[in-house]
Amino acid sequence: MEHVPPPAEELARLDRELAELDARRAQLLTRRAWLLAALRPPAPTAASGWNPSAWGAPAPGRPGAPAQPWGSVPPKQPPAPRSAQNVLLTLGGLLLTVAAVAFTLVSWGSMGIGGRSAVLALVTVGALAAPAVLLRRGLTATAEALTALALVLTLLDAYAVHAVAAADTDGLGFTAVAAAALAALWTAYGLALGKLRLPLPAAVVLAQWPLLFGAWAAGAPALVVGWALLATAVLDGAIALWGKGTGARITACVGGSVMAFSALMVGLTLSVTASGPLGALAPGVLLLTAAAAALAGAWRAPRGFARSGGVVAGLAVVAAVGGVPAAAVPEGWRVLAYLLAGLALTAAVRTRLPRNAAIGVLVASAAVVAGALVGALPGLAAVLLGPVTLLSDVWAGPPEGFRSAVGSTLPWSELAAAPVVLALVAGLLGAAYRWWPSPARIAAPLIAREEPGSGAGPAGAPGTGTPEAGGAAAPGASGAPWYAGGRAGAPWYGGGAPAARRRPSGAALRGAAGAGAAVLGWGALLLAGAVLDVPYAVAVAGETLLVAGLLALAVRGAGAGRDGSAAVPVTALVVALAAAVSTGLLSLASEGASYAVFGALTALFAGAAVRAGAGVPRAVFAVAATVGGTVLSGFAGRSLELAPHEASPLVLLVPALTVLFGARLRRNPVALPVELTGALGALVAVALAVPEAPSLAVVLALCGVLAAGAAVRPERRPVAGYLAAALFVMATWVRLAASEVSFPEAYTLPVTVPALVVGFLRRRKDPEASTWTAYGPGLAATLLPSLAVAWTDPDWQRPLLLGVAALVITLLGARYRLQALLLLGGAVLALDGLHELAPYVVQVAGALPRWLPPALAGLLLLVVGATYEQRLRDARRLKDALGRMR
């Protein structure tokens, strides 16, 4: 009969056998992979090719790279380069180079003309011929070393020829000819021996100098030098696009960038410093040619280079086209000419330029507009921040004009075009906001979302959305255009494939345009007043009207959603607050202007709070109105020529109104911000009354009344009730101190005894009531003032009596487990004892050696550290014991 094990035993046996099979399988797979690697011939390591179109492709091992099949092992890494051989070859080539230089410079004069020619020709020909032989034998590294030596020898040959055969020729002219000849020689040499890496990059480097040095040698003007630089940059661009070898193309890219930048700087400098429009035409032609060359290169370049070429071309066109009218207008208006030229670049969206090049041109247009706006920032900052200087001389009298009020020393004549720049850009943004679908449809082919992998292809490839390729704009997942905002309810960053570029929705872009129009329009009007130096009254009235307009715009869209449509009202709200602050500061120069402006601002914000819907904007409007009312109450005290402590009760009028307003609104979301703002106004009143103790006592008592009034409402009682009690107690103490009362107990005990009786009766009725509520106010009313007096009392009776009373209270709290009595009595007892022991402690500390206190402190730390866990447990037990008390 066959034995059948129990299911649990059989399951365990199967698990063990499966584990053994898995382990054996892993060993066999590892052995198989090793055998395959041993039998497979080593593949040559591919050179790192120059592939600019692969920008952004994931590297091996990075997210997005192809994963290896299961069970495979990573391929064996190629062996490390022969470091010793490379070092030897480098040292050998260096020594030969040093020897050749020394021979040419030192020993040249000891030989005749025939010997010189024979030696240099023999050595140079040998150095040039040897690499060909070495390459056929597979000695590539040695051939490269000898090629470097041959390069140095050819340079020395050129120097020797100039020193012997052409000593009377101009150095720059000979250098230009020699560089051209050597560039041609090394180009032919590099093409003949294609396996060598050095010749072609060396030829590219040598090709940078013939035209430049030739122009300098001929004494050509700066414009001709610019043309020479541009021609060299064009040659570099052709090599970068069609050249052979990665090294040559990279070298050409670097050299072309440097030469093109130099040519553009020459053209821009000549255009800016031209004496008239005719003088700016020739530099403009140079800049336009550079722009055409950049666009021609961008037509065939990969994505990154194509966009860079578009940016360079756009900036060059702006400098060329805008430089001609800029040379005919005053200096303050030149920025407007360049701005108009930059705005004209937006016509690139209607041309047949490649998609990436057109995007680069648009980026250049945006950069020009941003630069023009940045130029207006100093004047706008002066208008906004200048009135801060009026705080030191309030109501000194109205100044003559707006510029005097802002107190700025800016050259306003050079900022004459700044308001026009701001207004022009604001008008364009406003038009885009008003007729949004039209500009969005025009820009759709350029800014359409790309499908995964479409960005790696060259410009004009199918699927990139370029007009010349006939490709359509890549649609989103839902087939709707990008400016439609994506699928309903989806955020702009959540749509599309993970590899697709993420862009904001059409609603967000439209909202940004509207917000920018509002900000720039407001800035244009402000700056226009400063440039025109309007009278002070006109400036104040104009800024107040601007605040009113911004508030109307904010109220009109206060109910917008959270998408891009809310950008305009939110921006208008923020700008309105900033404008209100600036206008209020500007009005401080005149008493009448201050009352008029702050009264108008308070009314405007209050009306906006009434008209706005529920939410954050309404609360902000109400808070701003409360602040304006508080400032007006402070102005009233100054107009009545009251001292700050005498005017402090007037400041409490607005907090009192906020308490009544809160009682009217109750649980409305606006009530709490308004009441908190009123509380801040009460703090201002307290600060004003601090220098005079009697006034401070009155203000504290009034604040206590306001807090008690707020505590009538159930939702404010937990905070306002305690605050009212604290304020009344503080007012009592301040009043006693101001009256120089030496026996405060005569005033505090009649309050403490009834308070303790009331607390005792409440505890009998409700044993769960907190002792801090029942006994805390009564005990604090006597103990704290007595402690304050005891610390300044030189006699011993008061500290003794206070200590005895505190000891009794502490013992009662410990006996009946009353937290308020225990903590208050213990704290007062400790402070009273510290006061009595302080003189003796000082005497003992003076008699002890100076090293003893640090030693005792260190010993204490050691003891605490050694018993840290025990002390921690004691602290937890003490905390739990206090927590169980009432």
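Residues numbered from 1 in each chain as written. Predicted model: local features only at pLDDT ≥ 70, side-chain atom pairs only at ≥ 80, totals over all residues. Heavy atoms only, no water.

(A) Region of the structure containing the overall build of the chain. A tally of regular secondary structure across the chain gives 33 helices and 0 strands. Expressed as a percentage of the 886 residues in the chain, the buried residues total 37%. Looking at the chain as shown, the accessible area adds up to about 48,700 Å², and 70% of this sits on carbon and sulfur atoms. (Helix = DSSP H or I, 4+ residues; strand = E, 2+ residues; numbered from the N terminus. Buried < 20%, exposed > 50% of the residue type's maximum accessible area, 1.4 Å probe, protein only. Areas by Shrake-Rupley, 256 points an atom, 1.4 Å probe, with all protein chains shown as cover.)

(B) Looking closely at the environment of Val285. Tracing the backbone through its elements, the reader meets Val285 in helix 10 (residues 281–300). Taking the relative accessible area as the measure of exposure, Val285 reaches 44% and is therefore partly exposed. For Val285 and Gly267, which are 18 residues apart along the polypeptide, the C-alpha to C-alpha distance reads 8.8 Å.

(C) Broad picture of the packing of aromatic side chains. Enumeration over the complete set of coordinates arrives at 8 aromatic pairs. When the centroid spacing of 5.9 Å and the interplanar angle of 70° are considered together, the rings of Tyr595 and Phe635 count as edge-to-face. With Tyr595 in helix 20 (residues 591–611) and Phe635 in helix 21 (residues 616–639), this pair connects stretches of sequence that are 40 residues apart. The buried category is assigned to Phe635, whose relative accessible area is 9%. Feature note: the residues Trp395, Tyr595, Phe598 and Phe635 constitute an aromatic cluster, connected by ring pairs. Over the ring of Tyr433 we find Arg510, and its NZ or CZ is 4.2 Å from the ring centre. Lying over the aromatic face of Tyr816, Arg815 brings its terminal NZ or CZ to 5.2 Å of the ring centre. (Phe/Tyr/Trp six-rings, centres within 6.5 Å; stacked < 30°, edge-to-face > 60°. Lys NZ or Arg CZ within 6 Å of the ring centre and 35° of its normal.)

(D) The environment of Val177, seen in detail. Examined against the element boundaries, Val177 turns out to sit in helix 5 (residues 171–192). For Val177, a relative accessible area of 57% gives the class exposed. Measuring from C-alpha to C-alpha, the distance between Val177 and Pro210 comes to 6.3 Å, with 33 residues separating the pair along the chain.

(E) A look at the nonpolar core. Counting 59 residues, the largest nonpolar core has Leu339, Phe402, Trp412, Leu527, Phe605 and Phe621 as its most contacted members. Here the element with the most residues in this core is helix 18 (residues 536–556); it accounts for 9 residues. Beyond its immediate stretch of four places on either side in the chain, Trp412 contacts Gly379, Ala382, Val383, Arg403, Val406, Leu527, Ala530 and Val531. Core analysis: the next-biggest nonpolar cluster, separate from the first, contains 24 residues, Leu149, Phe174, Tyr189 and Leu196 among them. (Core = buried A, V, L, I, M, F, W, Y, C linked by side-chain atoms within 4.5 Å. Contact = heavy atoms within 4.5 Å.)

(F) Representation of the packing of helix 11 (residues 303–326) against helix 13 (residues 355–385) within the structure. Across the interface, helix 11 lies against helix 13 with an axial gap of 7 Å and an inter-helix angle of 45°. Classified by the angle between their axes, helix 11 and helix 13 sit oblique to one another. Read as a crossing pair, helix 11 and helix 13 show a hand that is right-handed. Along its contact with helix 11, which presents Arg303, Ala306, Arg307, Gly310, Val311, Gly314, Leu315 and Val318, the element helix 13 presents Arg355, Asn356, Ala357, Ile359, Gly360, Val361, Val363, Ala364 and Val368. Grouping the amino acids of the contact of helix 11 with helix 13 by side-chain chemistry returns 10 nonpolar, 4 polar and 3 charged. (Axes fitted to C-alpha atoms, helices over the stretch in contact; angles between N-to-C directions. Parallel < 35°, antiparallel > 145°, perpendicular 65-115°, else oblique. Left-handed = near helix turned anticlockwise from the far one by under 90°. Nonpolar A, V, L, I, M, F, W, Y, C, P; charged D, E, K, R; others polar.)

(G) Inspection of the pattern of salt bridges at higher detail. This model, assessed by the stated rule, comprises 4 salt bridges. Between Glu675 and Arg713 there is a salt bridge whose closest N-O contact spans 2.8 Å. Residue Glu675 is found in helix 24 (residues 671–689), and its partner Arg713 is found in the loop between helix 25 (693–711) and helix 26 (717–738); the two are separated by 38 residues along the sequence. Residue Glu675 shares its accessibility class with Arg713, and that shared class is buried. (Salt bridge = Lys/Arg side-chain N within 4 Å of Asp/Glu carboxyl O.)

(H) The arrangement of the confidence of the model for the chain in detail. A residue-level look at the chain finds 80% of positions with pLDDT of 70 or above and a mean pLDDT of 79. Per-residue pLDDT stays below 50 along residues 44–82; that stretch engages in 28 contacts with residues further than four places along the chain or on separate chains. Below a pLDDT of 50 lies the segment residues 449–501, which in the model reaches 78 contacts outside its immediate sequence neighbourhood of four places, other chains included. (pLDDT = per-residue confidence, 0-100.)

(I) Up close: helix 7 (residues 210–217). Those residues of helix 7 lying buried are Pro210, Leu212, Phe213 and Ala215. Two residues or fewer past helix 7, Gly219 is found with a positive phi of approximately 65°.

(J) Region of the structure containing the environment of Pro354. Inspection of the secondary structure assignment puts Pro354 in the loop between helix 12 (334–344) and helix 13. Sequence separation of Pro354 and Trp299 is 55 residues, and the distance between their C-alpha atoms is 6.2 Å.

(K) Fine view of helix 23 (residues 653–665). In this model helix 23 runs 18 Å from its N-terminal to its C-terminal C-alpha over 13 residues, within 8% of the 18 Å that 1.5 Å per residue would give. Among all positions of helix 23, only Val654, Pro655, Thr658, Val659 and Gly662 are buried. Looking down the long axis of helix 23, one finds its buried residues gathered within 150° of arc, a one-sided arrangement. Opposite the buried face of helix 23, at more than 90 degrees from it, the exposed residues are Leu653, Leu657, Leu660 and Arg664. (Expected span 1.5 Å × (residues − 1). Arc of directions from axis to C-beta.)

(L) Expanded view of the side chain of Ser695. Relative to the helices and strands, Ser695 resides in helix 25. Relative accessible area serves as the criterion here: at 19%, Ser695 is assigned to the buried category. Ser695 has contacts with His645 and Ala689, leaving out every residue within four places of it along the chain.

(M) How the structure looks around a nonpolar patch on the surface. Where nonpolar side chains cluster on the molecular surface, the patch consists of Trp796, Leu800, Val804, Val808, Leu812 and Tyr816 and spans about 630 Å² of accessible area. Among the residues examined, Val808 registers a relative accessible area of 45% and is labelled partly exposed. (Patch = residues over 30% accessible without salt bridge, like charges linked within 9 Å, V, L, I, M, F, W, Y side chains within 5 Å.)

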